[in-house]
Amino acid sequence: MVKAARAAGEELGGIKRVVLGHAHADHRGTAPSIDAPVLCHPDEVADAEDDAAIDSYMEISALPLLRARLAYPLLMRRWDGGAVGIEGTVQEGDRVAGFEVVEFPGHARGLIGLWRESDRLALVSDVVYLVDSGRLKPLPEGEASVPHPAWAWDHAKAKESLRRLAALEPRVVATGHEHPLRGENLRETLERAAEKY
Ligand SMILES: [Zn+2]
């Protein structure tokens, strides 16, 4: 994905910094290969700077399908780019390129989203899934779910954070996987999503 990430950045004038939504292998993977400083939440620095592609709190053995339990350890290692040096941190209320940093801990310890109230756009990495990670396939159009507890640092907090996102009443939610979720007001969809697991 490095080439694609670089090309997407060039179209917008070049990548000046990388802000990690969280440090899971499939979200930090390209960061070491992009020539720009990398930032994340203070609570996520240790995991970003650690070599492990699978974080110690993940319980891949708890995923429902054998196929997923076998595939993910290999996929996570393939997607990972290794440890990432963190040059700075961002937290609740900081501004990044016209967005406000919002903390959504749970799926990962220091998971953050970027929120722009003027058009109700939320960039949230894995606060919410549009995929069924247990079955390795997208959810039906318009459906969303809290990530499976197998991935969570603290699942109860992940549900709380998803309800927090719902309360922002976003119009577009861009997640780490699949196309963005769109709707005039996504509050109900996201509140329902928090109850899936
Ligand atoms: Zn994740």
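Because the structure is a prediction, the values reported are computed rather than measured. (Residues numbered from 1 in each chain as written. Predicted model: local features only at pLDDT ≥ 70, side-chain atom pairs only at ≥ 80, totals over all residues. Heavy atoms only, no water.)

Caption draft 1: Just the sheet that holds strand S5 (residues 99-103), in detail. Strand order in this open sheet of 6 strands is S4-S5-S6-S7-S10-S11, and the pairing throughout is mixed. Looking at strand neighbours, the two that pair on one side only are strand S4 (95-96) and strand S11 (181-182), the edges of this open sheet. Here strand S6 (residues 112-116) runs beside strand S7 (residues 121-125); their pairing, made up of 3 bridges, is antiparallel. Bridging from a neighbouring strand, Arg 116 pairs with Leu 121 of S7. (Pairing = 2+ DSSP bridges. Helix = DSSP H or I, 4+ residues; strand = E, 2+ residues; numbered from the N terminus.)

Caption draft 2: Layout of the packing of aromatic side chains. Tallied over the full model, the rule gives 2 aromatic pairs. Here Tyr 72 and Trp 79 contribute two aromatic rings whose centre-to-centre distance is 6.5 Å and whose plane-to-plane angle is 65°, an arrangement assigned as edge-to-face. Through pairs of rings, three or more aromatic residues link up here, namely Tyr 72, Trp 79 and Trp 151. (Phe/Tyr/Trp six-rings, centres within 6.5 Å; stacked < 30°, edge-to-face > 60°.)

Caption draft 3: Representation of the pairing of S5 in the model. In the sheet, S4 pairs with S5 via 2 bridges, with the strands oriented antiparallel. Bridging from a neighbouring strand, Arg 95 pairs with Glu 100 of S5. From the end of S4 to the start of S5, which pair antiparallel, there are 2 residues, and Ala 97 there has a positive phi angle of about 50°. Pairing between S5 and S6: 4 bridges, direction antiparallel. Looking across to S6, one finds that Glu 103 is bridged to Ile 112.

Caption draft 4: Structural context of the nonpolar core. Ranked by internal contacts, the top residues of the largest apolar core, which has 36 residues, are Val 124, Val 128, Trp 151, Leu 162, Leu 165, Val 173 and Leu 190. Beyond its immediate sequence surroundings of up to four residues, Val 173 is in contact with Ala 122, Val 124, Val 128, Leu 165, Pro 180, Leu 181, Leu 186 and Leu 190. Ala 31, Val 45, Ala 48 and Ile 86 belong to the second largest nonpolar core, which has 12 residues in total. (Core = buried A, V, L, I, M, F, W, Y, C linked by side-chain atoms within 4.5 Å. Buried < 20%, exposed > 50% of the residue type's maximum accessible area, 1.4 Å probe, protein only. Contact = heavy atoms within 4.5 Å.)

Caption draft 5: Broad picture of the sheet that holds strand S1 (residues 18-19). Strand order in the open sheet formed by 3 strands is S1-S2-S3, with parallel pairing between adjacent strands. Edge positions in the sheet fall to S1 and strand S3 (88-89), since each of these pairs with one other strand and no more. Sheet topology places S1 next to strand S2 (residues 38-40); 2 bridges connect them, and they run parallel. Bridging across to S2, Val 18 finds its partner in Val 38.

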